[in-house]
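Chains, contacts and geometry: an overview
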Amino acid sequence: MTLLKDIVPAAQNNIDTKFILLEKGQTTVEGQNKICLALVADETAAVHFQFWGDECDAFESGDIICLTNGIFSYQHRSLVLRAGKRGELVKVGEFTMAYAETPNMSEIHWIPDPNNSKSYIQDHVISAVSRIFPSPPSDM
Amino acid sequence: MASRLTLTPPFEAENEFEASLRQAFESLKPTLRPPFSLSIPNPDEYALLNRAILHGVLTEPHFAKTHIKHLHALVTDGYATFLNSLLNVVHHLYPRLLASVKTQLLWVSEETVRVLGIGYDAVLVSLLRQIGGGNCGDGNLWLCSKLVTLFLEQFECLLEDAPHVLSFALYSFLRVLADHCRVGVEKLETLKRLEIHFCVKIVREEFHLSLLIGRDFIRLLQDLVHVPEFRAILKDIVFDPFKFNAVGFEFKDVSQIYSTRTSSRYSLLRISPEMEIQLRFLLSNVKLGHQRRHQMWFARKFLNDPDKEFVAVDIVRFICCAHHPPNEVIQSDVVPRWALIGWLLTACRSSHAVANVKLALFYDWLFFDERVDSIMNIEPAVLLMVHSVPQYIDITRSLLEFLLHLVDNYDVERKDVIVKGVASAFQLLVRKGVVRSLDVLTSCPALSPGLREGLGRLLSCGKVGSS
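Description of the structure in this document.

What counts as what
- Residues numbered from 1 in each chain as written.
- Chains lettered and ligands numbered in written order.
- Predicted model: local features only at pLDDT ≥ 70, side-chain atom pairs only at ≥ 80, totals over all residues.
- Heavy atoms only, no water.
- Helix = DSSP H or I, 4+ residues; strand = E, 2+ residues; numbered from the N terminus.
- Rg over C-alpha atoms; globule rule 2.2 N^0.38 Å.
- Buried < 20%, exposed > 50% of the residue type's maximum accessible area, 1.4 Å probe, protein only.
- Phe/Tyr/Trp six-rings, centres within 6.5 Å; stacked < 30°, edge-to-face > 60°.
- Contact = heavy atoms within 4.5 Å.
- Buried area = accessible area lost by both parts, 1.4 Å probe.
- Salt bridge = Lys/Arg side-chain N within 4 Å of Asp/Glu carboxyl O.
- Polar contact = N/O pair within 3.5 Å; in protein donor to acceptor, adjacent residues only side chain to side chain.
- Nonpolar A, V, L, I, M, F, W, Y, C, P; charged D, E, K, R; others polar.
- Axes fitted to C-alpha atoms, helices over the stretch in contact; angles between N-to-C directions.
- Parallel < 35°, antiparallel > 145°, perpendicular 65-115°, else oblique.
- Left-handed = near helix turned anticlockwise from the far one by under 90°.

1. A few points about the overall build of chain A
A tally of helices and strands in chain A yields one helix and eight strands. From first element to last, N terminus to C terminus, chain A shows the α and β order β-β-β-α-β-β-β-β-β. For 140 residues, the compact-globule estimate of 2.2 N^0.38 gives 14 Å, and chain A sits close to it at 14 Å. By principal-axis analysis of the C-alpha atoms, chain A measures approximately 45 × 40 × 25 Å. The buried share of chain A, reckoned over its 140 residues, is 46%.

Spelled out as structure tokens, the structure:
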């Protein structure tokens, strides 16, 4: 099980993680399939998640989801976590997870690791929080 | 493949406990039809058989009686194992059970009462907790109807074997009747009559069971004062207390009820297990300033239509009476109880609901006695008033006005008792350092002089009159 703060972009289905769905964007259609971008987070970090097809309607904000064999990579120049062809999403609960909206792993600029051409490292932070899903105002 | 207990949607894992029941049933299916084996199972086999039979009872209505006969034949522990599994089904799975499974569930629960199985009382209490507040949907009304009927049919048995359960049922149905009376719809008439009959039966025939509830019994009755039977009961409690058969207790005056603190077991009754998990999580794990999403999800699930705003009353009683965070949590940056209550107050629309929520918040203040009451029950109200200065001064003002109004009007005959209660509540909160002093209220320039003076008088009354 990987914490979100430790995920690294790669062209592999190698991410097993658990997170809570904070917010869903609009569901749109891309070719034959529905897609929906969402903000998800665990206690250590947040990231943008790409739901695909039937996944779009199956999950609501507040759901706690387990991802196995997921992939964290660039899709249309944005960095998203997704199940991909070989990954699996399962709802395992709701509500009972605290979360951090910063750092947001999708809002980091990554560069190839000089010591390992197959890997990436963090270069600089583009934004502390998601620029697509702004944080709700602090309340009483 | 055996029938399911719930409908698991796609992308969701089957509940582990549900899976264990189904697997037990599938593996033992051949042995669940007569002739039954006479060999004595070892403990593991016994546990597996109990789970299998439970699954069979819930999913095979035509064979339910056969399964029960089998259970009666092999039981060696007073049905404790069987009832423990049944309790888990109710507590963790009830909201998602298929309708036919719920029917079987109620049937088998009554069977366990008949045989006085060990633990049937916990099952009945868990079923009571599944009655939703402010919910007049068919499923919820069906559950009310099945339960009130069960309690009436098993009345003598319960009275003798588990009278506390009748007391819990009384609390639940008095509360639920307020919802049913408020809605005033034709389809509710028969159910209302039955619920009124049940409540009146306990109060008139076994008054000591009402006394077990403590002061919240009066609070619940007052919400039903427009119903003739309950108006008569209230009148008798206040003016003719000797009318009541209070076995082993000399009931002389309503103030004896006022001075009995209501156990947190009652405030838990009107909170479903799911709601309880979410509320306790909010008050233990979510940081102040970051609770907006969790509050929104909670409201979307439990407060999502106008009828449900009265559930806030039950939630406030729960927060004050049944959720007492330890010091580490109180001193941390976790959402404090007063903040959640402040949010609930703003979530109410009607003035009737707002007034009831405020009464729920202050109820343990009115007759506060350090010797029997807990400071944790009164702490949220004073902190909400104090922390709302100056940014949310309207809240402080409306709460103080309400409190002073309550002191003058709640029970005019016993105003001295109430003044003493509220004053000693304030004094204890200062003495224990919950608030450093009340100057923040008595010297607050944003509050009217009249209000400040009223509070000042109340505080000094208490001191002069204290024994």
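2. What about unusual backbone geometry?
With an omega of 0°, the peptide bond running from Thr-102 of chain A to Pro-103 of chain A counts as cis. Mapped onto the secondary structure, Pro-103 of chain A falls in the loop between strand S6 (88-94) and strand S7 (108-113). Residue Pro-34 of chain B is joined to Pro-35 of chain B through a cis peptide bond whose omega torsion reads 5°. On the secondary structure map, Pro-35 of chain B appears in the loop between helix H1 (16-28) and helix H2 (43-59). Positive phi, normally seen in glycine, also occurs at Leu-116 of chain B, with a value near 50°. With respect to the element layout, Leu-116 of chain B can be found in the loop between helix H5 (99-114) and helix H6 (120-129).

3. Details of the packing of aromatic side chains
This model, assessed by the stated rule, comprises 24 aromatic pairs over all chains. Ring centres 4.1 Å apart and planes at 10° place the aromatic pair Tyr-258 of chain B and Phe-367 of chain B in the stacked group. Of this pair, Tyr-258 of chain B sits in helix H14 (residues 254-258) while Phe-367 of chain B is found in the loop between helix H21 (351-362) and helix H22 (375-387), placing the two residues 109 residues apart along the sequence. Considered together, Tyr-258 of chain B and Phe-367 of chain B belong to a single accessibility category, that of buried residues. Taken together, a centroid distance of 5.5 Å and an interplanar angle of 80° make the contact between Phe-362 of chain B and Trp-365 of chain B edge-to-face. Classification of Phe-362 of chain B as buried rests on a relative accessible area of 0%. Residue Trp-365 of chain B is classed as buried on the basis of its relative accessible area of 0%. Pairwise contacts between aromatic rings join Phe-19, Phe-49, Phe-51 and Phe-59 of chain A together with Phe-11 of chain B into one cluster.

4. Considerations on the interface of chain B and chain A
Contacts between chain B and chain A engage 25 residues on the former and 27 residues on the latter. With both sides pooled, the region where chain B packs onto chain A buries about 2200 Å², and carbon together with sulfur makes up 61% of that total. When the buried area of chain B at its contact with chain A is split by residue, Phe-11, Arg-293 and Trp-297 of chain B rank highest and sum to 37% of it. Among the ionic pairs, Arg-293 of chain B bridges to Glu-23 of chain A, the shortest N-O distance being 2.7 Å. Inspection of the chain B/chain A interface yields ten residue pairs in polar contact (both at pLDDT 80 or more). Counting residues per element, the ones that place at least two in the side of chain B that touches chain A are helix H16 (273-285), helix H17 (292-302) and helix H20 (337-347) of chain B. Split by residue class, the side of chain B that touches chain A holds 13 nonpolar, seven polar and five charged.

5. Quick look at the packing of H20 of chain B against H22 of chain B
All names here are of chain B. Two numbers describe how H20 lies on H22: the axes approach to 8 Å, and their chain directions differ by 70°. Taken together, the axis directions place H20 and H22 in an arrangement best described as roughly perpendicular. Like other packed secondary-structure pairs, H20 and H22 cross with a definite hand, here right-handed. Residues Arg-337, Trp-338, Ile-341, Gly-342 and Leu-345 of H20 form the contact with H22, whose own contacting residues are Met-376, Glu-379, Pro-380, Leu-383, Leu-384 and His-387. Along the lines of polarity and charge, the residues of the contact of H20 with H22 split into seven nonpolar, two polar and two charged.

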